[in-house]
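For reference, the chains in residue letters:
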There are 2 protein chains.
Amino acid sequence: MANVDGEFLRGAGSVAVLKLLERGEMYGYEIVEALERRTDGVLAMGQSTLYPMLYNLESKGFVAARWDETGARPRKYYRLTADGRKKLSSDAKIWHRLTVAMESLGLTSVQGVLA
Amino acid sequence: MANVDGEFLRGAGSVAVLKLLERGEMYGYEIVEALERRTDGVLAMGQSTLYPMLYNLESKGFVAARWDETGARPRKYYRLTADGRKKLSSDAKIWHRLTVAMESLGLTSVQGVLA
DNA sequence: AGGCATACTATGTGCGGCATAGTGTCAGCG
DNA sequence: CGCTGACACTATGCCGCACATAGTATGCCT
């Protein structure tokens with residue numbers, strides 16, 4: 001991970017990916033770039049993080065893949081499965097609860113971090 | 001982990017502990033209970049998670065320990081070191097950036113999670 | 001023609017979270 | 001007055017994720 005640097009997104013990474021796929025299918029390289037762009041580099045994970053994650057999500061049935069050979073380069077498009085949607089919904093709740101818990105400890109102080 | 005169940009707090013756990021220790025020294029068992037109570041069970045980590053974490057933080061110089069034998073039971077009090085404060089400050093920023101990034105993906109939607 | 005961006009695959013390592021297990025003490029209850 | 005359970009810490013080991021590294025191959029730009 002680039003900016004978040006470390007252990008902070010053990011689960012955060014995969015939720016982010018599932019969330020991206022909620023809108024429609026994407027291929028690996030595209031996901032890496034979208035995460036980088038849309039989170040201002042914070043969730044910029046490398047390919048070496050994303051691809052194994054995708055394989056993992058696929059093996060668990062949360063995403064499904066489809067090869068597209070029509071374009072210039074072969075691309076493997078991933079989409080959310082029904083189980084993936086459930087997983088996303090469940091994980092989003094967990095994420096929310098976690099942020100609430102952290103806030104109750106005084107973390108994520110909205111100001112004071114603006115250095 | 002109890003409620004947050006899974007991989008969501010790779011770093012979150014230790015930040016939470018550091019944050020607790022910011023107020024003053026605490027012993028292990030007390031930390032477990034404080035986390036459980038103050039986060040409504042969300043960050044309820046067991047002893048098997050906390051103690052190794054404390055050893056880890058101690059080995060890195062972020063916390064320091066002191067034995068107190070005066071009470072009924074011997075207690076090992078942990079306190080934040082100067083480095084620990086720096087670490088906490090740094091991690092809090094990272095945590096904040098992470099939540100911002102997740103929000104920008106549409107996660108932590110304040111409503112819609114109230115199911 | 002060569003280098004860079006694109007796009008995916010493969011392999012291996014380190015470490016954090018956690019389960020399990022074990023030690024000992026103190027307090028309350030019958 | 002012995003038992004049970006809450007208190008408090010230590011020790012060991014597994015598993016899976018994040019990540020580094022490396023390798024393959026194609027298309028585009030200059």
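To keep things clear, this report deals only with the structure shown in the data block. (Residues numbered from 1 in each chain as written. Chains lettered and ligands numbered in written order. Predicted model: local features only at pLDDT ≥ 70, side-chain atom pairs only at ≥ 80, totals over all residues. Heavy atoms only, no water.)

### Side note on the overall build of chain A
Counting secondary structure elements, chain A contains four helices and three strands. A burial count over chain A gives 47% of its 115 residues as buried. A fraction of 46% describes how many contacts in chain A between residues 6 or more apart in sequence connect residues 24 or more apart. If you sum the accessible surface of chain A, you get close to 6000 Å²; carbon and sulfur atoms cover 47% of it. (Helix = DSSP H or I, 4+ residues; strand = E, 2+ residues; numbered from the N terminus. Buried < 20%, exposed > 50% of the residue type's maximum accessible area, 1.4 Å probe, protein only. Contact = heavy atoms within 4.5 Å. Areas by Shrake-Rupley, 256 points an atom, 1.4 Å probe, with all protein chains shown as cover.)

### Remarks on helix α3 (residues 47-59) of chain A
In an α-helix, one turn spans 3.6 residues, which is why side chains three or four residues apart end up on the same side. All names here are of chain A. If you check α3, its first and last C-alpha atoms are 18 Å apart, about what 13 residues at 1.5 Å a residue would give, namely 18 Å. Every buried residue of α3 is accounted for by L50, M53, L54 and L57. The buried residues of α3 occupy one face: seen down the axis, they fall within an arc of 105°. Counted as exposed and oriented over 90 degrees from the buried face of α3: S48 and S59. (Expected span 1.5 Å × (residues − 1). Arc of directions from axis to C-beta.)

### As for the packing of helix α1 (residues 12-21) of chain A against α3(A)
Residue and element names in this part refer to chain A. Running from N to C, α1 and α3 cross one another at 75°; their axes reach a closest spacing of 11 Å. Judged by the inter-axis angle, α1 sits roughly perpendicular to α3. Across the interface between the two elements, G13, S14, V17 and L18 of α1 pack against L50, M53, L54 and L57 of α3. (Axes fitted to C-alpha atoms, helices over the stretch in contact; angles between N-to-C directions. Parallel < 35°, antiparallel > 145°, perpendicular 65-115°, else oblique.)

### Some remarks on the sheet that holds strand β1 (residues 26-27) of chain A
All names here are of chain A. Taken together, three strands build an open sheet; the order of strands is β1-β3-β2 and the sheet is antiparallel. Strands with a single pairing partner mark the edges of an open sheet, and in this sheet they are β1 and β2 (63-68). Where β1 meets strand β3 (residues 75-80), two bridges bridge the pair, whose relative direction is antiparallel. Bridged to M26 within β3 is Y78. (Pairing = 2+ DSSP bridges.)

### Focus: the environment of B:Q47
Residue and element names in this part refer to chain B. Topologically, Q47 is positioned in helix α3 (residues 47-59). On the basis of relative accessibility, which here comes to 40%, the residue Q47 falls in the partly exposed class. Sequence separation between Q47 and G28 is 19 residues; the distance between their C-alpha atoms is 7.9 Å. In this view, Q47 contacts Y29, V32 and P52; residues no more than four positions away in its chain are not counted.

### A few points about the pattern of salt bridges
Inspection of every chain in the model, using the stated rule, returns eight salt bridges over all chains. A salt bridge links A:K87 to A:D91; the shortest N-O distance between them is 3.4 Å. With A:K87 and A:D91 both in helix α4 (residues 82-104) and four residues apart, this pair spans about one turn of that helix. Across the pair B:D83 and B:K86 runs a salt bridge, and its minimum N-O distance is 3.7 Å. You can see B:D83 and its partner B:K86 sitting in helix α4 (residues 82-104), three residues apart, about one turn around the helix. (Salt bridge = Lys/Arg side-chain N within 4 Å of Asp/Glu carboxyl O.)

### Comments concerning the packing of α1(A) against α4(A)
Residues and elements named next belong to chain A. Two elements in contact, α1 and α4, have axes whose closest approach is 10 Å; the angle formed by their N-to-C orientations is 130°. Between α1 and α4, the angle is such that the two are oblique. The interaxial crossing formed by α1 with α4 has left-handed handedness. Judged by residue contacts, A12, V15, L18 and K19 of α1 engage G84, K87, L88, D91 and W95 from α4. Of the residues belonging to the contact of α1 with α4, the class tally is five nonpolar, one polar and three charged. (Left-handed = near helix turned anticlockwise from the far one by under 90°. Nonpolar A, V, L, I, M, F, W, Y, C, P; charged D, E, K, R; others polar.)

### Observations regarding the sheet that holds strand β2 (residues 63-68) of chain B
What the three strands build is an open sheet, ordered β1-β3-β2 (chain B); its pairing is antiparallel. The open sheet is flanked by β1 (26-27) and β2 of chain B, the only strands paired with a single partner.

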